[in-house]
Amino acid sequence: MDAVILRIRPDSAKSAGHRAERLQEIARALVGEQDAGRRPFEAQTAAFPAAPRGHITAGIFAAEIEWAAKADTIVLDLGFSMRRVRRGVIDKLLADTLKRLLDATTDTHRIAVIVGDLKVVKSQDDLGRVVDTHHRRDRVAVIPTDGTSPRSASGWTLSDEVGELAEVTLDELRASFMQRLLRRRGVFQSTRHDEYLRFHYAPHPSNDLLSELVARKLSELAPDAVLYDGSAPEWLSTAVLAAANIETITAGTVGDLTSKSTSKATLEADVWERLRSLVMTADTSMVLVVPLAKSGSALSASVAQIRTVHKGSLCVLAILVDYHFAPLPKGVAPPQSTIKEFGGERIEVHYIERVHQTLLASDHWQVLAARAGNFVEDMSLDWLSPSPVGLWSLYREAGVDIESPVPKSSKRLPIRWFPQLSKMSDEDALWVGECLIRLAKAELGAAVEDLVFVLPDEPSGAEALARALKDRLDVTVLTVTREEIDRGVGNEDLSLQLGRRGGNRIVVVDESTVTYSTLLKIDRLVRDAVNRSPDLAVVALELPIGDHPRPSYLRALHAWRPIVMADPTSGVQ
Amino acid sequence: MSSIASNRELQALVAALPAVPEDGSIRAAMLEALLSRLETESPATAQVCATVLASHGDKIAHEVAETLQLRLKPFEGLQPRAAPLDEVDLIVVAVKPPELDACLAVFGVPPDERPRVLGVSGMCGWFAELSSTRILITMAGSAGNVQAAMVMAALRREVRAPVAVLVGMAAGLEGKVEIGDVVVAEHVLEYEFARLTEDGPEYQPRISDVEERLLRSVEIVDRLDPDWTGEARNVVQHASRREEHAPAESDLAGWSPRVHRGVIVAGAKLIEDGSLPKLQHDLHDRIRAAEMEGAGFAVACDEAGVAWMVIRGIADFGNPNRVKGWQFAATVAAALVLRTLITAGLVTPRQP
């Protein structure tokens, strides 16, 4: 074999990093192969628990290492975020894997290690120690994904193409960021007391790409200082400060900039002095970062405040803008910036992405409902569960129709008015998935790393929800097919996978339940596999009919007892 | 969903429905959610709403309301049984009408409140709530251990509850208890099992044990609620029930019931011959009271995995000259002991 690709990933982020095609290109560039038409190199993915308890078995990945060692060139892809795993144990695991791989190879082998946010593998890290001290260290190249230069062993010259291929581009970063952008439904209080918003946007807690995105934007705009509003959400201030740190740019709030003494500033005295000194210089440039620009009125106030002290160059970086803020004719690729007038001054507003942010009229049914039930939400507060008004808005969007399909074995009539969760969008699925995760965490009092989610894998079911849980919410997911559920026969893989996660809490997930049948069948599969029932079952929607036994450990985001069944003879269908 | 959250959503749905676009099927789902919540919270209100909507609503509302009416119809006549109400936290079982009246009075059920039919058990029940504990109060109707066991088995098919308490009156052991006192059973003895020999019967009683944790605080009811004896007098004086030979005002004024832990014997015999002291001598030193249902009740509860208690007010001493005037008052005292324990959070489901 010329080359093989071995991907190592935590359970909770199996799809993170470069796609298979890109890894093939990197491998091809590494071996200097020009012919893209050749058959692809062999590739394998090996997963490990994101939150291992104690040590991980010493022999883990033995088969994969033996397999990889047969190739001359090994691409060891570790391109995932270490922020999503319990680092100490995982550092050791990765270092041990590389060491055993080097031990298993000869002096003619070459190993290219692709690293994500490990970036520069430091010598004090476990992995760095192996790279620096192993007797075959001259056979190793480290290739970061952030665009910094690969570090290759002496005698192994990597082409520029390898670094370029390994780099995660701005567009790719943006796409990944948007995939994990949470859009909550509900009725949210706008900054103006008489305005209500339909959505609230915020990056998912595991979405750690924003600081890198902002850093790249700052690198492009090259300001002397970066500002944000003091009342901005924490996710924004965290990302801005991290990005400023990466780019070594002074950062502070608008209030810091305009405050007249250090005692009123939130910054350390020396940072505040530096920021103030920039104001004194006419040719300094500043970037104001805001979370979302909609009408521009809040932005206008911030710009006016900055302009009281800073007369130099100023531009805005909005993480998100409403479509109306930066309208474009259909089919035109967004330029990621627009010019807006604030107080008679034209200012360039850069943005990461456009989103829909709808204002709700005060007589809109959602606002009436939210105000009557006290469900108007404050965007600055953390949240635990979705408001019923948000869920009703979801049902309206996804549609309400006859329940379909109804399991044949149940021999019952379908429910006439059934929210079609199987049709919800990827954005809604991400939100519903996050709601279910939060429900499970709250019910079990457990960290998300300690949960393993078991869900039915059905092409006709809520595919979007399954996709969100599997690929975008960074949780450990195991699936069982409908055939396995109906046969009720334990699946060896489920036994193995659950067995590996002995200390984890098992949570069964489904988008809806009517007779609890699927949940109880999965209960049986879990008990067959690990000799105990799941710790919890969570569903988005519980619509019970009849008097079926209900699992005591079931929790639902929303529930009611349906009334009308669809009558096949009445022509309703 | 908690009751508070459910009420908030109910208010939200009521406010939203008139403004939801009529062409959307979302409206039908919201209407179903509204009516089904009402059905849970207040079946009578749900029925009124369904009736109004069925005659005045649009097509969708008409269909939903009419179907809901069908769901409620089998229970017309008395208030309908709402499906989710078949789950309560505690069942109180009385045996005879004076005992039932006492329980209803103590748990604040208005005298004119009509009961709900409990499925096909032939029984009716009143639902009350006390310190977030949902309580069903019902009456067996017939005396006897077998009858009590059958009633519990039938109730279990209609209502799920983790705890059941038999509350009523009993004959007390003179000298150890006073008329109007309360005995909380620590064991119930089904005493009539016996081998009949030439030398007389050899009693072989069967014992049912109450879980100790339910008993630990019964003797400090005075400390849990220092006013409970005054409350007992108050309930009896203001009750609508009037009995022959009811205790005189002067008797009530001096009535200060005490709570005893002890053994209660339960058999098919109504003791009116003064034989209770002999039973104590022959069977168990801690016998304090005798009645006719506790043993069957206990066995049925144990069989169903339900935690149970038997609490009896002392109405007489089982003597030939016994009178019935204290049956209601004694049961009021017994029910008040239970109420005090519930309020203190001490009557809880069986531990795993």
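Everything quoted here is computed from the prediction, not taken from an experiment.

(A) Spotlight on the overall build of chain A. Broken down by element type, chain A carries 18 helices and 23 strands. Taken over 573 residues, chain A has a buried fraction of 47%. Looking at chain A alone, contacts between residues at least 24 apart form 73% of all its contacts between residues at least 6 apart.

(B) How the structure looks around the sheet that holds strand E4 (residues 110-115) of chain A. Residues and elements named next belong to chain A. Strands sit in the order E2-E1-E3-E4-E5-E6 across an open sheet of six strands; the sheet is mixed. Looking at strand neighbours, the two that pair on one side only are strand E2 (42-48) and strand E6 (151-152), the edges of this open sheet. Looking at chain direction, E4 and strand E5 (residues 140-144) are connected through five bridges and run parallel. When the bridges of E5 are listed, valine 113 appears paired with valine 142. Each of strand E1 (3-10), E2, strand E3 (73-78) and E4 is contacted by helix H1 (residues 20-30), which is oriented at about 140 degrees to E3, the strand it contacts most.

(C) Fine view of the confidence of the model for chain B. Residues and elements named next belong to chain B. With 88% of its residues at a pLDDT of 70 or more, chain B shows a mean pLDDT of 84. Between residues 73-85, whose pLDDT stays under 50, and residues either more than four places distant or in other chains, the model counts 23 contacts. Of the two predicted TM-score estimates for the complex, the pTM is 0.65 and the ipTM is 0.78.

(D) Region of the structure containing the interface of chain B and chain A. Listed as interface residues are 27 residues of chain B and, on the opposing side, 24 residues of chain A. Sorting the residues of the side of chain B that touches chain A by element identifies helix H1 (3-16), helix H2 (26-41) and helix H4 (59-72) of chain B as the ones contributing at least two each. For the side of chain B that touches chain A, the class distribution of residues is 16 nonpolar, five polar and six charged.

(E) Structural context of helix H8 (residues 234-247) of chain A. Residues and elements named next belong to chain A. For H8, spanning 14 residues, the distance from its first C-alpha to its last is 20 Å, which sits close to the expected 20 Å at 1.5 Å a residue. Leu236, Ala239, Val240, Ala243 and Ala244 are the residues of H8 that are buried. One side of H8 holds all its buried residues, which, seen down the axis, span an arc of 130 degrees. Exposed side of H8, more than 90 degrees from the buried face: Glu234 and Asn245 are the residues found there. Buried residues belonging to H8 abut helix H7 (210-221), strand E9 (225-228), strand E10 (250-253), strand E11 (285-293) and strand E12 (313-322). Count one or two residues on from H8 and you reach threonine 248, which has phi positive near 45 degrees.

(F) Representation of the packing of helix H6 (residues 145-158) of chain B against helix H11 (residues 294-304) of chain B. Residues and elements named next belong to chain B. The interhelical angle for the contact between H6 and H11, taken along N-to-C directions, is 30 degrees, at an axis separation of 6 Å. Between H6 and H11, the angle is such that the two are roughly parallel. In the crossing of H6 with H11, the sense of the turn from one axis to the other is right-handed. Together, Asn145, Val146, Gln147, Ala148, Ala149, Met152, Ala153 and Arg156 of H6 and Ala295, Gly296, Phe297, Val299, Ala300, Cys301 and Ala304 of H11 make up the contact between the two elements. Residues of the contact of H6 with H11, tallied by class, amount to eleven nonpolar, three polar and one charged.

(G) Looking closely at the sheet that holds strand E19 (residues 451-457) of chain A. Residues and elements named next belong to chain A. If you walk across this open sheet you meet the five strands as E20-E19-E21-E22-E23, and the pairing is parallel. Because the sheet does not close on itself, it has two edges, and the strands there are strand E20 (476-481) and strand E23 (554-559). Averaged over neighbouring strand pairs, the angle between their axes works out to 25 degrees when direction is ignored. Summarising the sheet, E19 and strand E21 (residues 505-513) pair through four bridges and their orientation is parallel. Counterpart to leucine 451 in the pairing with E21 is arginine 505. Of the strands in this sheet, E19, E20 and E21 touch helix H15 (residues 463-472), which is tilted by about 150 degrees from E19.

(H) Region of the structure containing the pairing of strand E7 (residues 194-197) of chain B. Residue and element names in this part refer to chain B. Where E7 meets strand E8 (residues 200-203), four bridges bridge the pair, whose relative direction is antiparallel. Counted as the bridge partner of alanine 194 is tyrosine 203 from E8. Two successive antiparallel strands, E7 and E8, enclose a turn made up of two residues.

(I) Local environment of unusual backbone geometry. Residue and element names in this part refer to chain A. Looking along the chain, the bond that leaves serine 404 and enters proline 405 is cis, with omega of -5 degrees. Here proline 405 shows up in the loop between strand E17 (400-401) and strand E18 (418-419). Phi at asparagine 374 takes a positive value of approximately 60 degrees, unusual for a residue other than glycine. By the secondary structure assignment, asparagine 374 is in the loop between helix H12 (365-373) and strand E16 (376-377). Of note in the backbone geometry, tyrosine 516 takes a positive phi value of approximately 65 degrees without being a glycine. When you line up the elements, tyrosine 516 lands in the loop between E21 and helix H18 (517-530). For tyrosine 516, a count of 19 C-beta atoms within 10 Å puts it in the partly exposed group.

Reading guide: rules and limits
- Residues numbered from 1 in each chain as written.
- Chains lettered and ligands numbered in written order.
- Predicted model: local features only at pLDDT ≥ 70, side-chain atom pairs only at ≥ 80, totals over all residues.
- Helix = DSSP H or I, 4+ residues; strand = E, 2+ residues; numbered from the N terminus.
- Buried ≥ 20, exposed ≤ 12 C-beta atoms within 10 Å, placed from the backbone.
- Contact = placed C-beta atoms within 7 Å.
- Pairing = 2+ DSSP bridges.
- Axes fitted to C-alpha atoms, helices over the stretch in contact; angles between N-to-C directions.
- pLDDT = per-residue confidence, 0-100.
- Nonpolar A, V, L, I, M, F, W, Y, C, P; charged D, E, K, R; others polar.
- Expected span 1.5 Å × (residues − 1).
- Arc of directions from axis to C-beta.
- Parallel < 35°, antiparallel > 145°, perpendicular 65-115°, else oblique.
- Left-handed = near helix turned anticlockwise from the far one by under 90°.

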